[in-house]
Structures are given as structure tokens and as C-alpha cells.
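What the coordinates show
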Amino acid sequence: MKVDGKPTRTIWVEPDGWSVGVIDQTLLPHRFATLRLQTLDDAAHAILTMIVRGAPLIGAAAAYGVALAMRADPSDENLERACAALLATRPTAINLKWALDEMLAALRNRPRGERLAAAYARAAEICDEDAAINQAIGRHGLPLIEAIAARKNSAPVQVLTHCNAGWLATVDWGTATAPIYMAHDKGVQLHVFADETRPRNQGASLTAWELGKHGVPHTVIPDNTGGHLMQHGMVDLVIVGTDRVTANGDVCNKIGTYLKALAAHDNNVPFYVALPSPTIDFTLADGVAEIPIEQRAADEVATMTGKTAAGRIETVRIIPDGSAVANYGFDVTPSRLVTGLITERGILKATREGLAAAFPERAVAAKAPRAAE
Ligand code: MRU
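An account of the accompanying structure is given in this report. These numbers were taken from a predicted model, which means no experiment stands behind them.

Some points on the packing of aromatic side chains
- Evaluation of the coordinates by the stated rule reveals three aromatic pairs.
- Between Tyr-64 and Tyr-120, the aromatic rings sit 6.2 Å apart at their centres with planes inclined by 55 degrees, giving tilted as the arrangement. One end of the pair, Tyr-64, is in helix α2 (residues 55–72); the other, Tyr-120, is in helix α5 (residues 112–151), and 56 residues separate them in sequence.
- The class for Tyr-64 is buried, based on a relative accessible area of 5%.
- Accessibility expressed as a relative area gives 13% for Tyr-120, which makes it buried.
- Taking 6.4 Å as the distance between ring centres and 40 degrees as the angle between the ring planes, the aromatic pair formed by Trp-167 and Trp-209 counts as tilted. On the criterion of sequence distance, the pair formed by Trp-167 in the loop between β6 (157–161) and α6 (177–185) and Trp-209 in helix α7 (residues 202–214) is long-range, its members being 42 residues apart.
- Three or more aromatic residues joined by ring pairs form one cluster here, namely Phe-32, Trp-167 and Trp-209.

A short note on unusual backbone geometry
- Here the amide bond leading from Leu-28 into Pro-29 is cis, since omega sits at 5 degrees, within 30 degrees of zero.
- Here Pro-29 lies in the loop between β4 (20–23) and β5 (34–37).
- Residue Pro-199 follows Arg-198 across a cis peptide bond; omega there is 5 degrees.
- Its location among the elements puts Pro-199 in the loop between β7 (190–195) and α7.
- Although it is not a glycine, Asn-201 adopts a positive phi angle of roughly 60 degrees.
- Among the secondary structure elements, Asn-201 is positioned in the loop between β7 and α7.
- With a relative accessible area of 11%, Asn-201 lands in the buried category.
- Of note in this structure, Asn-268 is not a glycine but carries a positive phi near 55 degrees.
- By the element assignment, Asn-268 lies in the loop between α9 (257–266) and β12 (271–274).
- On the accessibility criterion, Asn-268 (71% relative accessible area) is exposed.

Let's talk about the nonpolar core
- The biggest cluster of nonpolar side chains holds 44 residues, and the ones touching the most others in it are Ile-11, Tyr-64, Val-66 and Leu-86.
- Of all the elements in the fold, those that place two or more residues in this core are β4, α1 (40–48), α2, α3 (76–87), α4 (94–107) and α5.
- Broken down by element, this core gets its largest block of residues, 13 residues, from α2.
- Setting aside residues up to four positions removed in sequence, Val-66 forms contacts with Leu-79, Cys-83, Leu-86, Leu-100, Met-103 and Leu-107.
- In terms of nonpolar packing, the next biggest core, distinct from the first, is built from 35 residues, Ala-178, Ile-180, Val-192 and Val-216 among them.

Here we look at the side chain of Thr-8
- You can see Thr-8 is positioned in the loop between β2 (6–7) and β3 (11–13).
- Classification of Thr-8 by relative accessible area gives buried; the value is 13%.

So, the site of the ligand
- Looking at the ligand, there are 18 residues lining it, with Arg-53, Arg-90, Gln-202, Asn-253 and Lys-254 nearest.
- One nitrogen or oxygen atom from the side chain of Arg-90 is found 2.8 Å from an oxygen atom belonging to the ligand.
- With respect to the ligand, the side chain of Asp-243 contributes an N or O atom lying 2.9 Å from an oxygen atom.
- Against a free-state accessible area of 420 Å², the protein chains account for coverage of 100% of the ligand.
- Residue classes in the shell around the ligand are distributed as seven nonpolar, seven polar and four charged.

Describing the sheet that holds β5
- The antiparallel open sheet is built from three strands, whose spatial order is β3-β4-β5. Every interior strand has two partners, whereas the edge strands, β3 and β5, have only one. On average, each strand axis in the sheet is tilted by 30 degrees relative to the strand beside it, whichever way the strands run.
- Sitting on the sheet, α2 touches β3, β4 and β5, and the angle it makes with β3 is about 25 degrees.

Conventions used here
Residues numbered from 1 in each chain as written. Predicted model: local features only at pLDDT ≥ 70, side-chain atom pairs only at ≥ 80, totals over all residues. Heavy atoms only, no water. Phe/Tyr/Trp six-rings, centres within 6.5 Å; stacked < 30°, edge-to-face > 60°. Helix = DSSP H or I, 4+ residues; strand = E, 2+ residues; numbered from the N terminus. Buried < 20%, exposed > 50% of the residue type's maximum accessible area, 1.4 Å probe, protein only. Core = buried A, V, L, I, M, F, W, Y, C linked by side-chain atoms within 4.5 Å. Contact = heavy atoms within 4.5 Å. Near = heavy atom within 4 Å. Polar contact = N/O pair within 3.5 Å; in protein donor to acceptor, adjacent residues only side chain to side chain. Areas by Shrake-Rupley, 256 points an atom, 1.4 Å probe, with all protein chains shown as cover. Nonpolar A, V, L, I, M, F, W, Y, C, P; charged D, E, K, R; others polar. Pairing = 2+ DSSP bridges. Axes fitted to C-alpha atoms, helices over the stretch in contact; angles between N-to-C directions.

Spatial relationships are all this shows, so hold off on functional conclusions.
And the structure:
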């Protein structure tokens, strides 16, 4: 996607040929700045502190983290250590483990002297594959928006999304946003309601920023607004991203997604989930019981950061001193509430049969023991 007219991805190899450039997403929307990751620790820190975030981008950053580790020391011990350190950064998005498994498969049986080049090559492929997958998600999701547009004559299609499953969360295009960008580029009239997504406000800070940069009409809404809009016929379609989908189609995504799915179900609003296949975890069945839910620091809930009228970035406390805080990062939407899964291989039913028929090679491979365990 473009930033001020310049084609930009969220992660790249710098002109020096080895350090890894990323956008510092903690500074958006007030400042667009990039950072150079130079070591394994830099990569792990970037994932942990959410300089980079979003399931597919976490995977891509981890892949380059392994490449940076191989630059320092291509031994077996360092490969295992790097994968373990990266895996420990965030627990919920399965793309992290998927990417590390891919890197291990590409490197483990190679002589040490070949590992560095092979690591950069596989990391670059993972990035290119992600961009291509998301474009395919866009192509498959586009007809959903076009069909609604056809019914509405020239009135804009109203799409609601939660958190940021946009290009900032991936290498390019985004997952939930890919059909939106494609529809917009084709001249389909649409408008996006972006949930603010407390506590880190990825919807308000990131989704609104990238939609604005691309010229997509949008409105930021407090997280509690979606149900009201749906009751009043103001949402035609919900599209969200996901951090992990189980074999039977349960969907884990940013905290608050489940409540939107319930509201959509109660109001007959179609609720779609856009995902690249690396987000499917065929080893799990029951999302509520089995998916590990990240819990983050209390400060994320107890404070808010923003720009003052004078243009300074400041953090202020918004709860009483001494109040306890709970900060669950994700929740699980049961498959029964999901209208369909928009994947690179088409729109699937959120069922075991639907997923296994579309990705038989992944479903079968999941029965064998996995590399990074
Ligand atoms: O905590 P984050 O910002 O990494 O959470 C991001 C989300 O929940 C996204 O919806 C999900 O990763 C899908 S990104 C295409």
C-alpha cells in the first residue's frame, strides 16, 4: 500500500542488505517513523512491545529475527535459542509459531555455512507469500462487498471492522482490509466503521490512519457502539481478522470481537473473518478451551496516550490509583457465529469439513509432530 504516494511494506531488508526495516507502529497515527532491527533481541523486543504487531507481521518479523540470529551465529544451539526466544514473545497468534517452524524446516538440515543466506531467502519468501495471500483474500472477499453494493444502488456499503487487520498488521494489503481496498479502488461506494479497540486503540490509531492514507471513507467509533449501529440497520457487513482459527472454525481475535459477533448474529448482519492459511491451527479444536489468551500489562488499561493541543505526546492515567485492572488481549468467537472465512482459497464455512477440504495438506500435516515443539 502507499504512504504519501510511496509504495510501502511493513517490513523490508534495508539497502545495507542485512538489517531489517520496520514501521514503529507505537508512534502512529501521530508520527510515521521507521526502525532498523539489527539483532535477534531487536526483533524479539519489537514483537513484545508491539512496534510490530498483527498476526502475519509478527510471523514475518520472527522469520527475520531468525535470519539476524544466524548472522551472529549459525550454530544449531543458536538456531534453537533464537526460535525459543521469539516464540516466547507473544502467545496467541499462531503465525509466530508457523513462521518459526518454516524457518527451522529451511535451516535445520543445512550446513552452517549456508544457513545465513537460506534464512534471509525464506524470510523474504514468507513476506512475499503473505502479500500474495492477502491479495487473494481481497479478490475472494470483493464480490461480497459488490453484491451488497448492487442491492443498495449508490448508497455506500457500510462495513464494520475491529482492531487493525489492515496492511499494517500484515506485510501488505491486510486481511480484513484487502476486500475493502479492492472495492474502493474499483469505485464501489463504501464506508468503514473502525472500532477504537481499547486498550491499545489499534482501530483508532492504525486502521483509521491507513484507511485515511488510502482515501477510504471511515468513522472511528467507541468499542460499545457496534451493537447500536447494527440494531439500526447501519452496518451491512462485519469483516475482522484473526490471530488463530481452530480446526473446527473457532476464531480468536482482538478482545471485543466476540461481542461484535453476538451483536451481528442478533441482528442478521453477516460476520466474516479474513485469514491467511498460516493462521489456521489444525492441532486445536475448541478455541475457548484451548487457545492461549495473552494478558498484557495493567498500564495499557490504566492509562491513555495521545497528542495534546500543543502537539506533545503524553500519557495520562484514567483510572483511580489502586484499582485493579484486567487486560485480556484476545477472545474467541465460536464458529457458529461466523458467516464465513475469507481465505486465499475462497470463502469457506467455519467448520472442520470446510477448512480441511480447502487446506488438506495443512490438516494432514498437523497430525504429525511439529518442529518447534
Ligand atoms: O494485539 P495485536 O495488535 O497484534 O492484535 C491484532 C489483531 O487482533 C488482528 O485482528 C489480527 O492479528 C489479525 S491481523 C491480519
